[in-house]
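Inside the fold
Spelled out, the chains give:
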Amino acid sequence: MLRLVRIASNASIVILSVPASLAEGTFSNPGTYSATAMGRNGEVTVTSTFSESAITGIEVAHEETPTIGDAAIEQLTSSVLSNQSLAVDAVSGATLSSGAFIEALEDCVEQAGGDVDALKAVPVQGEETKVVYDVTDADIIIVGAGGAGMTAAMKAAQEGASVIVIEKSGVIGGNSLCSQMGINAAGAKVQEGLPYASAELLTKAQMQWGGRENLVAAYVENSGKTIDWFSETYGVEFKGPDGERVDPSDPFASVGEDHPSGGDLFMMRADAAGYTANTLISVMSESLDGAGVKLYVNTEATELTCDDSGRVNGVKAKAADGSEVTFTGKAVLLATGGFGQNHDMVVSYRPDLQYAITDETAPTTGDGIVMAQAVGAKTVDMAEMQLFPHVPVGDTWLPPMAMPGGFMTTALFVNQDAQRYTTEGFDPSTEGTLAQEHAFVIFGESDMNDDLKKLEARGLVKSADTAEELAALFGLDGTALAETIEKWNADCENGADSQFERLPFTLKKIEGKLYGYAFGVGAHYMMGGVLINEKTQVLNQDEQVIPGLYAAGEVTGGFHGTKRVDGSGTGDAFVFGYVAGNALASEVLGE
Ligand code: ADP
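Fair warning: this is a prediction, and the values are worked out from it, not measured in the lab. (Residues numbered from 1 in each chain as written. Predicted model: local features only at pLDDT ≥ 70, side-chain atom pairs only at ≥ 80, totals over all residues. Heavy atoms only, no water.)

1. Digging into the site of the ligand
Every one of the 25 residues lining the ligand counts as a neighbour, but A148, E167, S176, D367 and E554 are closest to it. For the ligand, an oxygen atom lies 2.9 Å from a polar atom in the backbone of A148. At 2.6 Å, a side-chain N or O of E167 approaches an oxygen atom of the ligand. Its free accessible area being 580 Å², the ligand has 98% of it covered by the protein chains. Elements represented by at least two residues in the shell around the ligand include exactly α4 (147-158) and β12 (300-306). In terms of residue class, the shell around the ligand is built from eight nonpolar, twelve polar and five charged. (Near = heavy atom within 4 Å. Polar contact = N/O pair within 3.5 Å; in protein donor to acceptor, adjacent residues only side chain to side chain. Areas by Shrake-Rupley, 256 points an atom, 1.4 Å probe, with all protein chains shown as cover. Helix = DSSP H or I, 4+ residues; strand = E, 2+ residues; numbered from the N terminus. Nonpolar A, V, L, I, M, F, W, Y, C, P; charged D, E, K, R; others polar.)

Here is the structure:
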């Protein structure tokens with residue numbers, strides 16, 4: 001998907017001043033030039049216009065996650081144009097998109113006859129984009145601008161509350177943007193006529209993994225209302241599942257144990273391409289101005305504050321410039337997501353995950369859990385984590401269908417000794433992969449696809465003409481890898497896997513140019529977290545409400561139990577965000 005960036009002002013970022021342009025002759029070939037560089041998901045193409053003494057315009061087309069790419073590129077574009085400098089920092093939370101933008105822009109500068117090093121030396125002198133904390137008191141303070149935080153903010157504001165949202169990274173959307181799922185729902189207006197999208201079946205699907213009854217009931221009751229709210233407020237069009245995939249005699253049959261899928265009974269999608277969360281975050285972010293929500297990015301909550309009675313009444317935070325800023329309110333919502341990015345925390349609850357990596361992209365390090373625990377919150381199910389069996393090493397994510405080690409495995413998985421260690425496949429390999437620090441996927445030329453080519457352009461997928469050369473690129477023993485491939489190719493000719501249990505139709509020789517990448521198992525989604533009640537109020541060790549403190553989304557525990565049903569993770573964020581918005585508004589507005 002190609003997107004042209006809209007250059008607009010962010011709610012809390014201002015351009016303080018526009019400096020004088022550069023010296024005449026800075027650009028010896030004025031005109032308009034284009035260049036392309038590889039971002040996180042795909043190409044970032046910058047088209048920039050130059051006069052003799054200034055960069056006068058920048059337009060960008062990109063394939064990045066829309067909300068992240070747009071926000072980062074808006075910030076960078078503003079900064080470059082106002083400073084006429086290339087000394088701009090990558091936007092936190094979007095470093096790869098930022099890097100690609102800067103690389104492509106530098107190329108344009110060279111084409112225009114400019115000196116990149118000289119422009120990197122142009123000081124920004126405080127004129128760069130800057131967060132200005134002009135409002136620090138509101139009815140509600142929300143920590144985290146992912147699906148849960150954004151939904152709660154917009155809902156509470158719609159009810160009439162004033163809201164401040166603080167976000168640690170430079171972009172909004174959190175890990176919600178990684179979701180390719182829809183939202184499991186029942187009772188939405190658009191679900192009329194979908195016979196299986198009933199509250200009973202959704203409750204059953206959700207309850208089988210030990211979720212708390214009150215939370216499941218709150219979810220089911222509010223799921224349809226959330227869908228209706230997004231439709232009515234923002235005009236989002238949701239589409240239900242294709243009923244033909246459901247067996248009418250046993251609609252619940254496909255709600256399986258390995259991948260609790262919800263059987264495709266309840267999944268409501270706002271985007272056929274699988275970007276429901278992205279669509280919802282986008283429509284909310286476009287409505288921020290004038291909504292009564294103040295958003296501060298690059299602002300990291302560090303501690304909750306309480307009044308003398310112990311009621312939570314605010315948040316201390318590290319401001320964008322590193323100083324401390326305190327936000328005060330009548331109530332606080334923690335919407336800080338999971339803790340996949342905090343490896344020590346993952347291992348503290350799951351020592352068996354010492355070699356796990358993560359596919360979480362936002363800086364979700366469990367801050368909300370730590371802050372809540374400091375004021376006495378109870379946590380539940382902390383060891384319950386959903387794993388993603390196959391994550392390429394290097395801050396990336398690929399759909400399982402695109403990976404030769406994903407759903408349709410034709411590749412070989414080898415360990416540090418260049419030996420096969422498992423039946424290759426998505427789920428069966430998890431245990432073996434977790435037993436080592438990185439494994440490697442080896443595949444032949446016919447498995448190369450466009451998604452993998454993008455990773456190759458980033459240097460993550462490597463290629464060579466011989467097994468020995470490929471092995472050297474990964475620090476593996478060349479002779480051992482050559483033998484492993486030879487043995488496998490012989491197995492393919494014989495029609496049987498002599499070492500493990502690969503099925504006959506997956507026996508495909510590794511031929512032509514050879515490719516590979518390092519991968520690991522990702523800590524993907526945290527089922528556990530801070531215990532809340534059905535109004536999203538945080539509970540203490542005695543399961544009593546901690547006054548003034550709410551939590552919603554992946555930071556919470558108790559709703560999922562031991563497994564996350566596909567579509568209920570995205571739902572957790574948006575549905576409980578909706579519940580929190582309502583509950584917070586009615587508390588602070590005294591209703
Ligand atoms: P959810 O799906 O529950 O909404 P997400 O991962 O989508 O969770 O969003 C969580 C957001 O919270 C991320 O954007 C993350 O950067 C932000 N966040 C995490 N810790 C902090 C913190 N200490 N202060 C401010 N924002 C935070």
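2. Digging into the packing of aromatic side chains
Enumeration according to the criterion identifies 19 aromatic pairs in this entry. Taking the centre distance of 4.8 Å and the plane angle of 55° together, the rings of F27 and F50 count as tilted. Here the residue F27 occupies a position in the loop between β2 (13-14) and β3 (31-38), and F50 occupies one in strand β4 (residues 43-50), the gap between them amounting to 23 residues. Note on accessibility: F27 and F50 belong to one class, buried. Where W229 meets Y578, the ring centres are 5.9 Å apart and the plane angle is 55°; that geometry is what we call tilted. Pair noted here: W229 is in helix α6 (residues 213-234) and Y578 is in helix α14 (residues 568-588), with a separation of 349 residues, a long-range link. (Phe/Tyr/Trp six-rings, centres within 6.5 Å; stacked < 30°, edge-to-face > 60°. Buried < 20%, exposed > 50% of the residue type's maximum accessible area, 1.4 Å probe, protein only.)

3. Comments concerning a negative patch on the surface
Together, E103, D107, E110, D115 and D117 give the surface a local cluster of negative charge. The dominant element in the negative patch, judged by the number of residues it contributes, is helix α2 (residues 95-111), at three residues. Locating E110 in the fold gives a position in helix α2. You can call E110 exposed: its relative accessible area is 53%. (Patch = residues over 30% accessible without salt bridge, like charges linked within 9 Å, V, L, I, M, F, W, Y side chains within 5 Å. Salt bridge = Lys/Arg side-chain N within 4 Å of Asp/Glu carboxyl O. Lys, Arg positive; Asp, Glu negative; His and termini not counted. Charge placed at Lys NZ, Arg CZ, Asp CG, Glu CD.)

4. Focus: the domain arrangement of the protein
Looking at the protein, the domain boundaries give domain 1 (3-131), domain 2 (140-384 + 527-588) and domain 3 (387-523). Roughly 1,400 Å² of surface becomes buried between domain 1 and domain 2 when both sides are summed, with 58% attributable to carbon and sulfur atoms. The tally of links between domain 1 and domain 2 comes to zero salt bridges. Between domain 1 and domain 2 we count two residue pairs in polar contact (both at pLDDT 80 or more) in total. When residues of the side of domain 1 that touches domain 2 are assigned to their parent elements, the largest contribution, six residues, is made by helix α1 (residues 66-83). A class-by-class count of the residues in the side of domain 1 that touches domain 2 yields nine nonpolar, seven polar and one charged. (Domains from an automatic or database assignment. Buried area = accessible area lost by both parts, 1.4 Å probe.)

5. Brief notes about the packing of α4 against helix α7 (residues 276-286)
The contact between α4 and α7 brings their axes to 10 Å, and the two run at 40°. When the axis of α4 is compared with that of α7, the two are oblique. You can see that α4 and α7 cross each other, and the crossing is left-handed. Of the residues in α7, those in contact with G147, M150, T151 and M154 of α4 are I281, M284 and S285. (Axes fitted to C-alpha atoms, helices over the stretch in contact; angles between N-to-C directions. Parallel < 35°, antiparallel > 145°, perpendicular 65-115°, else oblique. Left-handed = near helix turned anticlockwise from the far one by under 90°. Contact = heavy atoms within 4.5 Å.)

6. Here we look at the environment of V88
By the element assignment, V88 lies in the loop between α1 and α2. By relative accessible area, which is 11% here, V88 ends up buried. When the C-alpha positions of V88 and K120 are compared, they lie 8.1 Å apart, and in sequence the two are 32 residues distant. Once residues lying within four places of it in the same chain are set aside, the contact partners of V88 are L76, S79, V80 and I102.

7. Comments concerning a nonpolar patch on the surface
Together, M401, M408, L503 and F505 make up a nonpolar patch on the protein surface, roughly 500 Å² of accessible area in all. Taking relative accessible area as the criterion, L503 reaches 49% and is therefore assigned partly exposed.

8. A few points about the sheet that holds β12
Taken together, three strands build an open sheet; the order of strands is β12-β13-β14 and the sheet is antiparallel. Since the sheet does not close on itself, it has two edges, and those belong to β12 and β14 (324-328), each with one partner. Here the average twist between neighbouring strands, direction ignored, is 25°. (Pairing = 2+ DSSP bridges.)

9. Overview of the pattern of salt bridges
On inspection of all chains with the given rule, the structure shows 20 salt bridges. The shortest N-O distance in the salt bridge between D367 and K168 comes to 2.9 Å. Here D367, found in helix α9 (residues 367-374), pairs with K168, found in the loop between β8 (163-166) and β9 (183-184); they are 199 residues apart in sequence, far enough to count as distant. Taking the relative accessible area as the measure of exposure, D367 reaches 18% and is therefore buried. With a shortest N-O distance of 4.0 Å, E511 and K509 are connected by a salt bridge. When salt bridges that share partners are traced, they join R420, E424, D497 and R502 into one network.

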